[in-house]
Amino acid sequence: ADECPGRCQCSGEVDPHRKGGSCSAISRDPLVVSGVGLEDKRDPRGAWCYVPRGACSDQEFSVLFPSMTLSYKVCTFSR
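Numbering of residues begins from 1 in every chain and follows the order in which that chain's sequence is written. The predicted origin of the model limits local features to residues at a pLDDT of at least 70 and limits the giving and counting of side-chain atom pairs to 80 or more, whereas totals for whole chains, interfaces and linings rest on all residues. Just so you know, side-chain values use all the structure's heavy atoms and leave hydrogens and water out.

Caption draft 1: Representation of the state of the cysteines within the structure. Cysteine sulfur atoms are paired as a disulfide whenever they fall within 2.5 Å. Per the stated rule, a full pass over the model turns up three disulfides. In this model, Cys8 is linked to Cys56 through a disulfide, with the two sulfur atoms separated by 1.9 Å. Between Cys8 and Cys56 the sulfur-sulfur dihedral comes to about 105 degrees; the bridge is accordingly right-handed. With a gap of 48 residues between them, Cys8 in the segment before β1 (49-51) and Cys56 in the loop between β1 and β2 (60-61) connect regions that are remote in the sequence. Cys56 carries the same exposure label as Cys8, and that label is buried. Disulfide pairing places Cys23 opposite Cys75 at an S-S distance of 2.1 Å. Judged by the sign of its S-S torsion, about -95 degrees, the bond between Cys23 and Cys75 is left-handed. Of this pair, Cys23 sits in the segment before β1 while Cys75 sits in the segment after β3 (69-71); the two residues are 52 residues apart in sequence, bridging distant segments of the chain. Among the cysteines of the protein chain that take part in disulfides, numbered as they appear in the sequence, the pairing is 1-5, 2-4, 3-6. Put simply, DSSP H or I for four residues or longer makes a helix, DSSP E for two residues or longer makes a strand, and each gets a number counted from the N terminus. For every residue, the accessible area (1.4 Å probe, protein chains only) is compared with the maximum for its type, and the residue is labelled buried under 20%, exposed over 50%, or partly exposed between those bounds.

This is the structure:
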């Protein structure tokens, strides 16, 4: 049983690199700057965004910003 898609949604919060506020496949690599050369710097796992802790079944803590949780599944729900 999957969680309700209504609860699993982007928090709108961005990290210090200005990433993760909405679904995007931008690489989480800190050397990749938001808005610059996005085409060749994509996350191999696809689109992701930061989510409220506990909202998504696939949440994981950011390696770079351990206080933030992110999800890939949130970006697969049709809105």
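Structure shown, so let's carry the discussion forward.
Caption draft 2: Looking closely at the nonpolar core. Grouped together as the largest cluster of nonpolar side chains are eight residues: Ile26, Val32, Trp48, Tyr50, Phe65, Met68, Leu70 and Tyr72. The contact partners of Met68, leaving out residues within four places of it in the chain, are Glu13, Val14, Asp15, Tyr50, Arg53, Glu60, Phe61 and Ser62. Residues Val51, Ala55, Val74 and Phe77 belong to the second largest nonpolar core, which totals seven residues. Definition used in this section: a nonpolar core is a set of buried Ala, Val, Leu, Ile, Met, Phe, Trp, Tyr and Cys residues joined via side-chain atoms within 4.5 Å. The criterion used for residue contact is that any of the two residues' heavy atoms lie within 4.5 Å.

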